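A look at the structure
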Amino acid sequence: MKSERETKRDKEILTHIKYIKETVDINKSHLEKINGRLRNAENNITGIKAIGSTVALILSLVVGFFKYSK
């Protein structure tokens, strides 16, 4: 049989564990939101890079064509 001190200590430990679990759950939901925004930003950056590469390729082809035709 547990003494009163051990019972009180066990309740205190359970309270701390519950607090830690709640804090971890809050952090998890916050990280999920951040990851969603980060994924969206990375996709936008990839799109901008693709457009820039395409424009650079087209410009270099046009300049090369005019230089070659002379």
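The coordinates are above.
Residues numbered from 1 in each chain as written. Predicted model: local features only at pLDDT ≥ 70, side-chain atom pairs only at ≥ 80, totals over all residues. Heavy atoms only, no water.

**Considering the overall build of the protein chain**
For clarity, the cut-off: Going along the chain from the N terminus, every DSSP run of H or I of four or more residues is numbered as a helix, and every run of E of two or more is numbered as a strand. It is over C-alpha atoms that the radius of gyration is taken, and the globule rule equals 2.2 Å times the number of residues to the power 0.38. Each residue's exposure class comes from its accessible area (1.4 Å probe, protein chains only) as a fraction of the maximum for that residue type: buried when under 20%, exposed when over 50%, partly exposed otherwise. Residue exposure ignores everything except the shown protein chains as possible cover, and the areas themselves are Shrake-Rupley values with a 1.4 Å probe. Counting rule for charge: Lys and Arg are taken as positive, Asp and Glu as negative, and neither His nor the chain ends is counted. Note on charges: their place is set at NZ of Lys, CZ of Arg, CG of Asp or CD of Glu.
When helices and strands are tallied, the protein chain shows one helix and zero strands. Whereas a compact globule of 70 residues would reach a radius of gyration of roughly 11 Å, the protein chain reaches 30 Å, over 25% beyond that. In terms of its C-alpha atoms, the protein chain occupies a principal-axis envelope of roughly 100 × 15 × 10 Å. Relative to its 70 residues, the protein chain shows a buried fraction of 0%. Carbon and sulfur atoms form 65% of the exposed surface of the protein chain, whose accessible area is close to 7100 Å². Taken together, the 14 basic and 8 acidic charged side chains of the protein chain have centroids lying 14 Å from each other.

**Observations regarding the packing of aromatic side chains**
Just so we agree on the cut-off: In this analysis, rings of Phe, Tyr and Trp, with Trp reduced to its six-membered ring, are considered paired at centre separations within 6.5 Å, and the interplanar angle assigns stacked below 30 degrees, edge-to-face beyond 60, and tilted for intermediate values.
All told, the structure shown has one aromatic pair when counted by the stated rule. Pairing Phe-65 with Phe-66 gives two aromatic rings, centres 5.8 Å apart and planes at 65°, and the pair type is edge-to-face. The residues Phe-65 and Phe-66 share a single accessibility class, namely exposed.

**Details of a nonpolar patch on the surface**
In plain terms, the rule: Patches here: salt-bridge-free residues with over 30% relative accessible area, like charges joined within 9 Å, nonpolar side chains (Val, Leu, Ile, Met, Phe, Trp, Tyr) joined within 5 Å. The term salt bridge refers to a pairing of a side-chain nitrogen on Lys or Arg with a carboxyl oxygen on Asp or Glu at a separation within 4 Å.
Judged by side-chain polarity, Ile-58, Val-62, Phe-65 and Phe-66 come together as a nonpolar surface patch covering roughly 410 Å² of accessible area. Tracing the backbone through its elements, the reader meets Phe-66 in helix α1 (residues 4-69).

**Details of the pattern of salt bridges**
Evaluation of the coordinates by the stated rule reveals one salt bridge. Lys-21 is the partner of Asp-25 in a salt bridge, and the nearest nitrogen-oxygen pair spans 3.0 Å. With Asp-25 and Lys-21 both in helix α1, this residue pair falls four residues apart, about one helical turn. Asp-25 gets classed as partly exposed once you look at its relative accessible area, which sits at 38%. Residue classification places Lys-21 among the exposed positions, given a relative accessible area of 52%.

Shape is all these values report; function is a separate question.
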